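Residue-level structure breakdown
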Amino acid sequence: MAAWVALTLLLPGAYASAEDTDSAHWGEMLRLEEAYFSGIPGADLPVGWGPGGWIDAWPPPGAPARDGGPVPSAHAARPLDGSPEDTEFMPECFDPEDIDLDDLPLDLRGIDHPPLLHWLEFYCTRGRRLLTGWFARAGRFRSMIEEELDRQQAPRDLLWVVAIESAFNPEAVSRAGAVGLWQFMPRTARGMGMRVDRRVDERRDMTTSTEHGIAYLLENHERFGTWPLALAAYNAGPGHVRGQIRQHNVNDFWSMDQYGAIFRGARNYAVRLLAIAIIDRQREVFGFDGVVDDEAWTWDEVQIGGGVRLSLVSSALGIDLAELRRLNPALLAPETPSDVSTWPLRIPEGMTGRFVEQFDQYRRRFGDTHERVVLRFGETIGHVARDAGVPERVLRHINDLPARGPVAYGTEVLVPLSGRRPGAPSSPSRPPVVLLPAQAFDYPGRVRVFYDVNPGDSLHEIARHFGVSVHQLRTWNDVDPDAVLWSGMTLQVFLADDRVLGHSRVRTEDEVRAIVLHSSEHEAWQQEEAQVQRARRRTYTVRSGDTVMGLASRFGVRSADIVRWNNLDANATIYVGQSLVVGR
């Protein structure tokens with residue numbers, strides 16, 4: 001659970017995945033919270049007996065906050081007999097007497113707790129923009145979450161756990177690895193029965209994580225008996241709260257806050273939620289009654305087989321694959337899990353009829369079977385596309401990959417088994433030629449392989465992958481480690497003969513024709529190539545009305561190339577009956 005990341009959620013950048021529409025003031029408000037965090041009760045000073053008596057864990061009146069302003073405090077040092085002094089806390093934005101004490105959330109019997117008053121003031125002044133955003137975004141999932149809270153007979157105020165945890169972003173990720181609306185850690189999620197693996201992460205699923213998040217809160221409430229303690233346990237872990245109760249021999253949350261028991265972040269976590277719940281219940285008192293909810297996320301749900309490509313469903317529905325992925329954030333792979341017979345898939349609301357009508361048709365047309373290919377080192381999505389006879393743009397769409405750019409080594413790619421282009425490439429009749437330096441190398445116990453350089457490759461990266469040194473690669477291939485490696489180059493690499501090559505895209509000795517530069521074999525090969533190029537030349541007999549520019553457009557080449565290939569004059573003059581080379 002977010003249990004062990006109490007402070008993480010208060011720091012800028014805690015959410016590695018935040019919606020663009022929310023991020024404008026998100027970082028600013030988190031920084032504001034962090035600054036304020038040091039100036040509220042329980043922030044800096046130790047709890048215990050001091051020269052003037054009992055020292056509470058908050059700054060004395062008038063102490064400077066981190067932002068330079070005074071920090072209001074309801075208490076100074078207490079006298080030795082422990083009796084509280086008469087002090088009054090008057091916040092700037094609301095009158096405590098206007099709060100209806102008969103409408104308080106989560107076991108609260110009153111509001112005369114300094115930390116609570118401070119957080120109430122924060123959220124209606126400097127934190128107003130942050131809380132306004134949370135109130136608005138709550139509309140996305142409020143109905144779904146409140147329905148589950150009612151089903152489990154839990155207080156509706158627990159909705160605001162999601163505000164603090166994830167700002168109602170199901171794809172939120174904390175620095176510590178907590179994920180989803182309710183910010184479950186992997187171990188806690190698995191312990192609650194959720195599936196968390198490389199294909200499915202149910203922490204991201206809106207309904208599944210909500211069901212288990214509420215259940216976990218109810219477990220904590222049953223364990224500790226009060227909601228403030230249950231909330232602190234949700235943040236810091238039940239073991240920590242139980243240990244602090246035993247250590248301090250106190251089980252009243254407000255007394256524990258006063259004594260500095262329980263992690264500071266967890267205490268503030270519970271108080272923050274109580275403050276938000278109070279404001280939500282009595283919005284008019286704090287001036288939030290004009291906030292409008294965001295539009296609710298709605299969807300239909302259909303049962304679909306395991307191992308079905310999401311791109312097939314999105315094509316049948318006529319929607320972007322990104323929209324389907326947004327509704328199903330638990331699916332990390334571009335397909336439904338292959339180890340289940342059926343899977344509940346969310347689709348846009350009102351599209352069940354279209355799905356029923358279109359899906360089978362698209363499945364027959366494009367096929368619903370595919371193989372999984374893991375990109376090897378040195379292998380590009382283009383290589384896989386050519387080997388499979390499938391257009392690269394189709395593979396990128398199926399796998400929800402960017403339209404261009406490299407795809408990381410180790411990425412699993414779905415390759416459809418139908419819908420391939422006729423005449424998919426097969427092994428070439430002539431092995432490719434690799435030109436090598438004049439110096440020969442002989443290493444007993446090693447095997448020579450050939451690696452084709454891809455755009456963006458570096459000598460250091462290649463050396464690290466194959467377990468050799470940059471110096472060795474430089475020696476074997478006459479390359480400069482400071483110079484750029486260009487796509488189209490091929491490097492020879494000598495590896496231990498027992499090294500597994502399955503994770504690398506390399507060619508062996510019998511798959512290439514290795515020729516030493518400036519050898520007699522090299523000269524003979526050059527002559528062979530010249531003859532092949534001449535045979536491959538595409539010629540055209542000029543007709544009336546032809547122009548160099550028109551021929552270039554017709555044959556997909558540049559005008560300058562036609563001029564160069566045919567040694568034309570500066571005016572690119574051609575005549576009827578002339579034989580021109582128009583392609584090579």
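Treat the numbers as computed from the prediction; the structure is a model and nothing was measured.

1. What about the confidence of the model for the chain?
- Looking at the chain as a whole, the pLDDT averages 78, with 80% of positions reaching at least 70.
- A low-confidence stretch, residues 1-88 (pLDDT under 50), is modelled with 199 contacts involving residues beyond four sequence positions or located in other chains.
- With pLDDT under 50 throughout, residues 422-427 is counted as low confidence; its partners more than four residues away or in other chains account for four contacts.

2. Examining the packing of helix α8 (residues 227-236) against helix α9 (residues 238-248)
- Running from N to C, α8 and α9 cross one another at 125 degrees; their axes reach a closest spacing of 6 Å. If you check the angle between α8 and α9, you find them oblique. Within the contact between the two elements, α8 uses L229, A232, A233 and A236 and α9 uses P238, H240, V241 and I245.

3. What about the pattern of salt bridges?
- Scanning the entire structure with this criterion turns up 25 salt bridges.
- Close ionic contact of E335 with R199 constitutes a salt bridge, the shortest N to O distance being 3.0 Å. With a gap of 136 residues between them, E335 in the loop between α14 (321-327) and β4 (342-348) and R199 in the loop between α6 (186-191) and α7 (206-224) connect regions that are remote in the sequence. Comparing E335 with R199, the two get one shared label, buried.
- Note that R346 is salt-bridged to D205, the shortest N-O span being 2.9 Å. A residue pair is termed long-range when its members are at least 10 positions apart, and R346 in strand β4 and D205 in the loop between α6 and α7 qualify at 141 residues.

4. A few points about helix α5 (residues 159-166)
- Summarising burial for α5: eight of the eight residues are buried, a large majority.
- Buried residues belonging to α5 abut α3 (128-137), α4 (142-151), α7, α8, α11 (264-281) and α12 (283-286).
- A167 sits one or two positions beyond α5 and adopts a positive phi of about 55 degrees.

5. Comments concerning helix α19 (residues 470-477)
- Three or more residues of α19 are buried, namely V470, L473, W476 and N477. Angular distribution of buried residues about the axis of α19 spans 130 degrees; they occupy a single face of the element.
- Those residues of α19 that are buried lie in contact with β8 (446-452), α18 (459-466) and β9 (490-496).
- One or two positions beyond α19, positive phi appears at D478, with a value near 55 degrees.

6. Here's the deal with the packing of aromatic side chains
- In the structure shown here, the tally under the stated rule is 20 aromatic pairs.
- Among the aromatic residues, ring-to-ring pairing joins W119, F122, Y123 and W134 into one connected group.
- Here the basic side chain of R272 rests over the ring of W119, its NZ or CZ set 5.6 Å away from the ring centre.
- Across the ring face of F135, the terminal group of R283 is positioned such that the distance to the ring centre comes to 4.0 Å.

7. A short note on the sheet that holds β9
- The sheet built from three strands is open, its strands ordered β9-β8-β10 with antiparallel pairing. Both outer strands of the open sheet, β9 and β10 (506-508), are each paired with one neighbouring strand and no more. Strand-to-strand twist across the sheet, computed as the mean angle between neighbouring axes with direction ignored, equals 40 degrees.
- As judged from the seven bridges shared by β8 and β9, these two strands associate in the antiparallel manner. Note on β9: the bridge partner recorded for R446 is A496.
- The sheet strands contacting α18 are β8, β9 and β10, and the helix crosses β9 at an angle near 25 degrees.
- Against the sheet, α19 contacts β8 and β9, and its axis sits at roughly 125 degrees relative to β9.

About the criteria used
- Residues numbered from 1 in each chain as written.
- Predicted model: local features only at pLDDT ≥ 70, side-chain atom pairs only at ≥ 80, totals over all residues.
- Heavy atoms only, no water.
- pLDDT = per-residue confidence, 0-100.
- Contact = heavy atoms within 4.5 Å.
- Axes fitted to C-alpha atoms, helices over the stretch in contact; angles between N-to-C directions.
- Helix = DSSP H or I, 4+ residues; strand = E, 2+ residues; numbered from the N terminus.
- Parallel < 35°, antiparallel > 145°, perpendicular 65-115°, else oblique.
- Salt bridge = Lys/Arg side-chain N within 4 Å of Asp/Glu carboxyl O.
- Buried < 20%, exposed > 50% of the residue type's maximum accessible area, 1.4 Å probe, protein only.
- Arc of directions from axis to C-beta.
- Phe/Tyr/Trp six-rings, centres within 6.5 Å; stacked < 30°, edge-to-face > 60°.
- Lys NZ or Arg CZ within 6 Å of the ring centre and 35° of its normal.
- Pairing = 2+ DSSP bridges.

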